[in-house]
Amino acid sequence: MKLEALPRRRYTPHPTPIQKLDRLSKHLGGPQIWIKRDDLTGLAGGGNKTRKLEFLVADALRQGADTLVTVGAVQSNHCRLTLAAAAHEGLKCRLVLEQRVPGSYRKEASGNNFLFDLLGAETLTVLEGGSDLSGAMQAEAEKLKSLGRKGYVIPGGGSNALGAMGYVVCAREILAQCLDMGLAFDEIVVASGSAGTHAGLLVGFNAANAGVPLTGLNVRRPRAEQEGNVHKLAVEAAAFAGLPAPSRDSVVAFDDWVGPGYSIPTDEMVEAVRLFASLEGVLLDPVYTGKAAAGLIGLARRDHFKPDANVLFVHTGGAPSLFAYQDILAS
Ligand SMILES: *Cc1c(COP(=O)(O)O)cnc(C)c1O
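Just so you know, these numbers come straight off a predicted model, no measurement behind them.

Rules used throughout
- Residues numbered from 1 in each chain as written.
- Predicted model: local features only at pLDDT ≥ 70, side-chain atom pairs only at ≥ 80, totals over all residues.
- Heavy atoms only, no water.
- Pairing = 2+ DSSP bridges.
- Helix = DSSP H or I, 4+ residues; strand = E, 2+ residues; numbered from the N terminus.
- Axes fitted to C-alpha atoms, helices over the stretch in contact; angles between N-to-C directions.
- Salt bridge = Lys/Arg side-chain N within 4 Å of Asp/Glu carboxyl O.
- Buried < 20%, exposed > 50% of the residue type's maximum accessible area, 1.4 Å probe, protein only.
- Domains from an automatic or database assignment.
- Contact = heavy atoms within 4.5 Å.
- Buried area = accessible area lost by both parts, 1.4 Å probe.
- Polar contact = N/O pair within 3.5 Å; in protein donor to acceptor, adjacent residues only side chain to side chain.
- Nonpolar A, V, L, I, M, F, W, Y, C, P; charged D, E, K, R; others polar.
- Disulfide = S-S within 2.5 Å.
- Near = heavy atom within 4 Å.
- Areas by Shrake-Rupley, 256 points an atom, 1.4 Å probe, with all protein chains shown as cover.
- Right-handed = clockwise from strand over helix to strand, strands pointing away.

*Asks:* Help me out: how do you make sense of the sheet that holds strand E6 (residues 151-154) in this one?
*Replies:* Strand-to-strand pairing in sheets goes through backbone hydrogen bonds, with the strands running parallel or antiparallel. Pairing in this open sheet of four strands is parallel, and the strands run E5-E4-E3-E6 from one edge to the other. Of all strands in the sheet, those bounded by a partner on one side alone are strand E5 (123-128) and E6. Averaged over all pairs of adjacent strands, the angle between strand axes in this sheet comes to 20°, irrespective of strand direction. Where strand E3 (residues 67-73) meets E6, four bridges bridge the pair, whose relative direction is parallel.

*Asks:* Could you clarify how one ought to interpret the pattern of salt bridges in this entry?
*Replies:* If the charged atoms of two oppositely charged side chains come close together, the side chains can form a pair. The full count for this structure, using the stated rule, is 22 salt bridges. Here Asp-59 and Arg-62 are joined by a salt bridge, their closest N and O atoms 2.7 Å apart. With Asp-59 and Arg-62 both in helix H2 (residues 49-62) and three residues apart, the pair spans about one turn of that helix. For Asp-59, a relative accessible area of 13% gives the class buried. Among the residues examined, Arg-62 registers a relative accessible area of 56% and is labelled exposed. The salt bridge involving Glu-122 is made with Arg-149; its shortest N-O contact spans 2.9 Å. With Glu-122 in the loop between helix H4 (112-118) and E5 and Arg-149 in the loop between helix H5 (133-146) and E6, this residue pair connects regions lying 27 residues apart in the sequence. Taken together, the shared-partner salt bridges in this structure form one network comprising Asp-66, Arg-94, Glu-122, Glu-140, Lys-143 and Arg-149.

*Asks:* I tried to follow the domain arrangement of the protein on my own but got confused; where do I start?
*Replies:* Often the size quoted for an interface is simply the accessible area lost on bringing the parts together. Parsing the protein into structural domains produces domain 1 (3-47 + 160-329) and domain 2 (49-158). If you look at the interface, domain 1 gives 41 residues, while domain 2 gives 35 residues. Three residues, Arg-9, Tyr-11 and Leu-43, lead the burial of domain 1 against domain 2; their summed loss comes to 20% of the area buried on that side. Counting every contact that joins domain 1 to domain 2 gives four salt bridges. Among the ionic pairs, Arg-8 bridges to Glu-54, the shortest N-O distance being 2.9 Å. For the pair domain 1 and domain 2, the number of links is 15 residue pairs in polar contact (both at pLDDT 80 or more). For the side of domain 1 that touches domain 2, the element with the highest residue contribution is helix H6 (residues 161-181), accounting for nine residues. Broken down by class, the residue content of the side of domain 1 that touches domain 2 amounts to 18 nonpolar, 16 polar and seven charged.

*Asks:* Help me understand the state of the cysteines in this model?
*Replies:* Such a bond, covalent and formed between the sulfur atoms of two cysteines, is termed a disulfide. Counting across every chain of the model gives zero disulfides. With no disulfide of its own, Cys-79 has Cys-93 as its nearest cysteine by sulfur position, at a separation of 7.3 Å.

*Asks:* For this particular structure, what's the right way to read the site of the ligand?
*Replies:* Among the 17 residues in the neighbourhood of the ligand, the closest are listed as Lys-49, Lys-52, Ser-194, Thr-197 and Thr-316. Between the ligand and Ser-194, the relevant distance is 2.5 Å, taken from an oxygen atom to a side-chain nitrogen or oxygen of the residue. Within the side chain of Thr-197, an N or O atom sits 2.7 Å from an oxygen atom of the ligand. Contact with the protein chains covers 98% of the free accessible surface of the ligand, which is 380 Å². Elements supplying a minimum of two residues to the shell around the ligand: H2, strand E7 (187-192) and helix H7 (196-207). Looking at the shell around the ligand residue by residue, the classes come out as three nonpolar, eleven polar and three charged. Looking at which domains feed residues into the shell around the ligand, each of domain 1 (3-47 + 160-329) and domain 2 (49-158) supplies at least three.

*Asks:* Help me out: how do you make sense of the pairing of strand E4 (residues 92-99) in this one?
*Replies:* Of all eight residues in E4, seven are buried, a share of seventy percent or more. Note that E3 and E4 share seven bridges and pair parallel. Each bridged residue has a counterpart across the sheet, and for Thr-70 the counterpart in E4 is Leu-95. Viewed along the sheet, the connection from E3 through helix H3 (residues 77-89) into E4 turns out right-handed. When E4 meets E5, the two strands line up parallel, connected through six bridges. Bridge pairing in E5 links Leu-95 to Leu-124.

Here it is as structure tokens:
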């Protein structure tokens, strides 16, 4: 279906800004680093899931659902934003939480976990890592059905073809801003997790023939596995929107800054979070953008970019989880 004709709710009343990070660029001795402020999207605390939810929640409403059901890690930004969208739309929301790090769920934890309660999660089901998550969400939808209600299941990170449309839209928004600013980026860098953001951007840039390389920075999986996931979703999303499918070799997702595993802190992440905060007044997060920015800084130090290249870092949000990592991030 054509993107323009898809049902969509609007949660951000403006394009998110593109800003130059002069002090960080100078500190690193190049490249010229710019930032796309998708941490300033709408809904509680903002972040990339807001764009996906514009399409997913519109579909839920069209289907007459009264409850959103979704899944995430114990500090999931996606779960926070799905709850916020549900509250805003007058829907209920049930969460399935996966302990990707064994024993990582703590009922009293701060950050997003506190917001799950504040934003009114109807139920929270905490499972061990590697559990059958889609099975658990289906079971939740069945339970709702037996109560005469109607659930709408949103996959982890909102990353299916429909959710990825949010980032096809973002790619178009970035290209329109480039035209407006008279600025062509040499490379665009983004965190790559459940893959909807990376895949959507890739489809959007590819369809516009933008000719700008998109570099993913993996936060969880080995490179080949992640690149396969991104490519598969990009092919599905392109087919869904009637756009050309990106080639496999246009998918790049470095795994050098994942560290010991998903959400486990690294020294490079701590450095990146502290640099962005102290030099630019920009808050990153420990799980996604902190590691992606560590990758951006690492690539700059490896001379991956030309010193005068214009590089755009897509800030996908996540700052509320800083408060669950205070012991690691404080000086
Ligand atoms: C979910 C998330 C990502 C990763 O996006 P995907 O679409 O899941 O790949 C990046 N940054 C933040 C802050 C996130 O919450």
